[in-house]
Amino acid sequence: MKPQFHTYKPFITKVLPGVLLFLISFLWFYFPGEYVLIANRDLALFHFSPEALASILDQPGGLLEYAGNFLNQFLRFRFAGALVLALVITTGYFIMMGLAALISHKKDVYIPGILTSVLLLGMHNYYPHQIAHSLGFILAIALLISLHTLKKRKFLFLALAVPIFYLVAGGFVWMFSLLVIVLELAGGRKAGLLSLLVVSFYPAFLVAACAALVCLDPFKELALRPLPFGADYGLSPWPGIFVAWMIICVVLVQLPIRIPVLKAFWMHIIQGTAGLLALVLVLHFSYNRKNREFFQIEKMAVEQEWGKLLEYTTEHPSRNLFGSFYTNLALANTGRLCSGLFQYPQSFGRRGLCFIWEAKSEILRRGSDFFWTVHFVNEAHHWAFESMIVDGFTRRNLSRLIQAELVRGNFKVAEKYIDLLGSAMFQKKIAKHYAGFLTDHGAMEIDPELGPRLKTHMKEDFFSEGMDLEINLRSLIANEPLNLGAYDYLMALMLLEKKVNQVREALPGYLRASGGKLPALLDECLLVYQITHPEEDISPLQVSASAIQRFEAYTRVLREYRDQNAAARVLYPNYGNSFWFYLNFVSLPNQQQ
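About the criteria used
- Residues numbered from 1 in each chain as written.
- Predicted model: local features only at pLDDT ≥ 70, side-chain atom pairs only at ≥ 80, totals over all residues.
- Heavy atoms only, no water.
- Salt bridge = Lys/Arg side-chain N within 4 Å of Asp/Glu carboxyl O.
- Phe/Tyr/Trp six-rings, centres within 6.5 Å; stacked < 30°, edge-to-face > 60°.
- Helix = DSSP H or I, 4+ residues; strand = E, 2+ residues; numbered from the N terminus.
- Buried < 20%, exposed > 50% of the residue type's maximum accessible area, 1.4 Å probe, protein only.
- Polar contact = N/O pair within 3.5 Å; in protein donor to acceptor, adjacent residues only side chain to side chain.

Undergrad: Mind showing me how you'd approach the pattern of salt bridges here?
TA: Side chains that differ in sign of charge can pair as their charged atoms come close. All told, the structure shown has 18 salt bridges when counted by the stated rule. Overlapping salt bridges, with partners in common, bring together E298, R366, D369, R396 and R400 in one network.

In structure tokens form, the structure reads like this:
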């Protein structure tokens, strides 16, 4: 049996844990961790061209970001995206295994590789962490392996490798330098003075020279880009934990620690148990359920699956600003904004209907959707164009720019954007769809996105008030009195701000736009107006009999309780979605600004 055991031992100690890590990573990102794919699938387009490659060479680390952007394109597909992330994480395992075996000369210890890949998985659960970040760490370890295999001429190797690595990976040269210093000092041997000087001061000299002579960018930006630290990355402990683990690992594998002689079986059990425990802990502390719920909402919004979105938010109500925005957008696109508004949390007031203008990526990339919904095509184009300036070309902002230019009749400009979109990786199909409208203008009239906007005619142009939603909506309605989408949002805004008198004033125009249909919340608001203004309201507008009966039942319960909190608890199950409950029990901060 012993010969057979030694035959399979390399597979058990090296390959099998890697295979298991690959399967676990794939299943994780395919199911609970899918939000990572959704969040990163449209950060930038990828173009195969000499011009695109040349444009990224003007910054150190550009090649690393270019490679990461290439792999990011596969995140657009659930299976391929989970596969790519699993491969990156598993690569971390095998690279770290190679370094540990090279330093320690022990081939049956695989826990360093397991912990490395588990921490990579934890970093990716924080969705701002990019594939390029993980590639940078992996390349730093791979370069360290290359250095350690050399017996001579290490100084020459470092003199050549450090500038090349800085050009390729940017700030990750500091990670490589740190590992070299730790490896030399913790090895128990006399460290090469020239090697330590090279890795300690050479990168700083390169960055300073690059900042002064080549890129003319601030030293700090050139030194840190594209490391996963700083304001753009956010406050995540996982990169710091990963760096600390790398240092500890390089130290531990060099220490002359005598491990008690155990049978191979028990060594596998101990290391496997430790790895499993680390996996459970990392997944527990890095997984974010709220992020998963929000990005599922955003996925359905981008794909315009409005019915599914509302079903999902009914089960998972969003307390996130963007989640509330998408929920209201779904209500508007299904014609339920003025009937289902209070079925969902409205903690953000008017900001949950439309964002205040801010030159921020997360605002601009989503804000265009509101203006497109209310048929304010020029402003939808404005927000998409500003998103392009801040984020670069993405499928989302280019698609909106194409749609807006087609509606406005700027076919040459639309063609330019279509060509740009079509030349990007995985975008030929959608570009071909829009290209058909360049030669067949009549087809736009029956297109569900373009047709309704073509029929909206602005009598006069006007400047958008980026800080005042109500002015924008009233200007839209003044230009197009039958713009039901704009009317729905105007009424929803006034309901949220409890402007009963203004709702009543706008009702005749709303009914003309809606063909006489009065949504439930407006029906309830009209009843409140008639009760509070019995002598003033002599118009023919009538409240429905069902609303009157429901209000009588509501007030009957309300009168039974002197304590408002007790009354709210009793009324909420049956009347929490009504305007009356919102009027009596819900207060919002001032949303005027």
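Undergrad: Quick question: what am I supposed to make of the packing of aromatic side chains here?
TA: The geometry of an aromatic ring pair is captured by two quantities: the separation of the ring centres and the angle between the planes. Within this structure, the stated rule accounts for 39 aromatic pairs. Residues W28 and Y287 carry aromatic rings whose centres are separated by 5.4 Å and whose planes lie at 75 degrees to one another, so their mutual orientation is edge-to-face. Taken together, the residues W28 in helix α1 (residues 2-30) and Y287 in the loop between α13 (264-286) and α14 (289-302) connect sequence positions 259 residues apart. By relative accessible area, Y287 is classed as partly exposed at 23%. Taking the centre distance of 5.9 Å and the plane angle of 70 degrees together, the rings of F371 and F376 count as edge-to-face. Residue classification places F371 among the buried positions, given a relative accessible area of 2%. Residue classification places F376 among the buried positions, given a relative accessible area of 3%. Following the ring pairs from residue to residue traces out a cluster consisting of Y126, Y127, Y233, F294, F295, F322, F325, Y326 and F355.

Undergrad: Explanation requested: the environment of H533 in the structure shown.
TA: Positionally, H533 belongs in the loop between α27 (520-532) and α28 (545-559). Residue classification places H533 among the buried positions, given a relative accessible area of 14%. Engagement of the side chain of H533 in a polar contact is seen with the side chain of T532, the distance being 2.9 Å.

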